[in-house]
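Here's the letter readout for the chains.
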Amino acid sequence: MSVVKLIEEMTLRSIIEQGHGLSFECDNCWRLVAVDVLDLIGRFGADATVGDVRRKLVCRRCNKRRARALVRTGNRKDECMPTRSRAGR
Ligand SMILES: [Zn+2]
């Protein structure tokens, strides 16, 4: 199973439990947004998966539905799964 698939199937609860952070990056214009996982749980529920949330997101800059999920596993910008963000922020 690929890392991307693993992340797609992570629930919002498990991200909180592991102390991870979650960002979404637009695959079209590279807009990067760090999201508040607790806020997402309020909207979608703790059992929603990263994939569920990702498919609902529309980029506010280019209006494309092409988000990529990035799970932040640490404080350094390269501590991300599956890869660090393209813009390197
Ligand atoms: Zn975009």
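This text follows the structure it describes.
As a starting point, this report considers the structure included with it.

Each value, and the rule that gives it
Residues numbered from 1 in each chain as written. Predicted model: local features only at pLDDT ≥ 70, side-chain atom pairs only at ≥ 80, totals over all residues. Helix = DSSP H or I, 4+ residues; strand = E, 2+ residues; numbered from the N terminus. Rg over C-alpha atoms; globule rule 2.2 N^0.38 Å. Buried ≥ 20, exposed ≤ 12 C-beta atoms within 10 Å, placed from the backbone. Contact = placed C-beta atoms within 7 Å. Core = buried A, V, L, I, M, F, W, Y, C linked by C-beta atoms within 7 Å. Pairing = 2+ DSSP bridges.

## What about the overall build of the protein?
The number of helices and strands found in the protein is four helices and four strands. In sequence order, the protein lays out its α and β elements as α-α-β-β-α-α-β-β. Against the compact-globule benchmark of 12 Å for 89 residues, the protein has a radius of gyration of 12 Å, which places it among compact chains. Taking the principal axes of the C-alpha coordinates as reference, the protein spans close to 30 × 25 × 25 Å. Out of the 89 residues in the protein, the part that is buried amounts to 16%. Long-range contacts, defined as pairs at least 24 residues apart, comprise 66% of the intrachain contacts of the protein with a sequence gap of at least 6.

## Focus: the environment of Arg66
Tracing the sequence through the fold places Arg66 in the loop between α4 (50-56) and β3 (67-72). In this structure, the C-alpha to C-alpha distance between Arg66 and Leu12, residues 54 residues apart in sequence, is 20 Å.

## Remarks on the nonpolar core
Counting 13 residues, the largest nonpolar core has Ile7, Ile15, Leu22, Val50, Ala67, Ala69 and Val71 as the members making the most contacts within it. It is β3 that provides the largest number of residues to this core, a total of four residues. Excluding anything up to four places from it in sequence, Ala69 contacts Ile7, Leu22, Phe24, Val50 and Arg54.

## Regarding the sheet that holds β3
Taken together, four strands build an open sheet; the order of strands is β2-β1-β3-β4 and the sheet is antiparallel. A strand with exactly one partner marks an edge of an open sheet, and here the two such strands are β2 (32-35) and β4 (80-81).

## A look at the pairing of β2
A regular strand carries its side chains on alternate faces of the sheet. Relative to β2, strand β1 (residues 21-26) is paired through four bridges, and the arrangement is antiparallel. If you follow Leu22 over to β2, its bridge partner there is Val35. Taken together, β1 and the strand that follows it, β2, pair antiparallel across an intervening segment of five residues, in which Trp30 is found at a positive phi of about 70°.

## Here we look at the pairing of β3
Sheet topology note: the β1/β3 ladder contains six bridges and is antiparallel. Among the inter-strand pairings, Ser23 is bridged to a residue of β3, identified as Leu70. In this sheet, β4 lies alongside β3 in antiparallel orientation, the contact comprising two bridges. Bridge assignment links Val71 to a residue of β4, and that residue is Met81.

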